[in-house]
Amino acid sequence: LDGVTVIRKRPVLLTVIAVSLVFGLFSEGFDRLWTAHLLQSFSLPSIGPFKPVVWFGILAVATSLLSIAGNELVRRRVDLTQHRGVTRSLFVSDGLLIGGLAVFALSGNVYVAIAAFLLASASREVHYPLATAWANQSIDSRVRATVLSINSQMNAFGQVAGGPVIGLIGRAVSLRAALLAASLVLTPVLFLYARTLGKHQPKDVGEAAPAEAVAGE
């Protein structure tokens, strides 16, 4: 009850919860369909004697390296205790995620699709520490665990609700249409960021977790 009360009293936390819900709506469909899209929509270039499955190992390593680079850039350039700086960074990272996903869904060139996938995946990994810092800015330590749990549950609810719908689009229309739908589902987060930049700005981080701890999560 204390956690819900804090969320109701602090409008920015309602925005945080809404973003988590939207992320859940998008993520389940993307996670389940991107592999099938690469295998069915493209002919992956051969890499010597190796089978196409090697490509997925390469993509995983490349995504990890790009994510490390992106998070290091955030660590150096963004003050994780400042509402506006973190919100702007989320706007940029999620904008890149939406654009990368849309290009991945629509491109007919395998190399463009791979580049777009890497951009989307790395941007998504950058989102998480930023979103954690964003939430912690408005949560007192006594209810932090509860509020973050509610936040995670909203993300899970979004996955349960959105995954089957995007899957049905993939089955009834095409994988490209389903992935494009996933990118469109995510676009409201940009409006949410823009709105909170204009209306809400926590006065102080207060008892929020230290920036270093948040970045480590």
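Residues numbered from 1 in each chain as written. Predicted model: local features only at pLDDT ≥ 70, side-chain atom pairs only at ≥ 80, totals over all residues. Heavy atoms only, no water.

(A) Representation of a nonpolar patch on the surface. Taken together, the side chains of Phe91, Val92, Leu96 and Leu119 present a nonpolar region at the surface, about 330 Å² in accessible area. Considering each element in turn, the nonpolar patch owes the most residues, three residues, to helix H4 (residues 83-106). Mapped onto the fold, Phe91 is located in helix H4. (Patch = residues over 30% accessible without salt bridge, like charges linked within 9 Å, V, L, I, M, F, W, Y side chains within 5 Å. Areas by Shrake-Rupley, 256 points an atom, 1.4 Å probe, with all protein chains shown as cover. Salt bridge = Lys/Arg side-chain N within 4 Å of Asp/Glu carboxyl O. Helix = DSSP H or I, 4+ residues; strand = E, 2+ residues; numbered from the N terminus.)

(B) Expanded view of helix H6 (residues 144-172). Given a rise of 1.5 Å per residue, 29 residues ought to cover 42 Å, and the 42 Å separating the end C-alpha atoms of H6 matches this to within 8%. Gly162 marks the point of greatest bend in H6, at about 30 degrees, and the proline Pro164 comes within the next four residues. Within the span of H6, buried status applies to Arg144, Val147, Asn151, Asn155, Gly158, Gly162, Gly163, Ile166 and Gly170. (Expected span 1.5 Å × (residues − 1). Bend = angle between axes of the 7 residues up to and from the residue. Buried < 20%, exposed > 50% of the residue type's maximum accessible area, 1.4 Å probe, protein only.)

(C) Region of the structure containing the side chain of Ser123. Take Ser123: it is sitting in helix H5 (residues 110-136). Taking relative accessible area as the criterion, Ser123 reaches 7% and is therefore assigned buried. Leaving out residues up to four positions away in the same chain, Ser123 has contacts with Ser93, Leu96 and Leu97. (Contact = heavy atoms within 4.5 Å.)

(D) Here's a closer look at the environment of Gly85. Summarising the element assignment, Gly85 is placed in helix H4. For the pair Gly85 and Leu130, spaced 45 residues apart in the sequence, the C-alpha separation amounts to 9.9 Å.

(E) Expanded view of the confidence of the model for the protein chain. When the pLDDT values of the protein chain are averaged, the result is 85; 88% of them are 70 or greater. Element-level mean pLDDT values for the protein chain span from 44 in helix H9 (residues 211-216) up to 94 in helix H7 (residues 175-186). Note that residues 203-217 has pLDDT below 50 and, in this model, 24 contacts with residues that lie over four places away or in other chains. (pLDDT = per-residue confidence, 0-100.)

(F) Molecular detail of the side chain of Ser183. Mapping Ser183 onto the fold places it in helix H7. Dropping the residues within four chain positions of it, Ser183 is found in contact with Ile98, Leu101 and Ala102.

(G) Inspection of the packing of aromatic side chains at higher detail. Across all of its chains, the model carries eight aromatic pairs by this definition. Look at Phe23 and Tyr128: their rings are 6.2 Å apart centre to centre, the planes differ by 70 degrees, and that puts the pair in the edge-to-face class. With a gap of 105 residues between them, Phe23 in helix H2 (residues 11-41) and Tyr128 in helix H5 connect regions that are remote in the sequence. According to the relative accessible area criterion, Phe23 is buried, its value standing at 2%. Three or more aromatic residues joined by ring pairs form one cluster here, namely Phe23, Phe26, Phe30, Trp34, Phe56, Phe104, Phe117 and Tyr128. (Phe/Tyr/Trp six-rings, centres within 6.5 Å; stacked < 30°, edge-to-face > 60°.)

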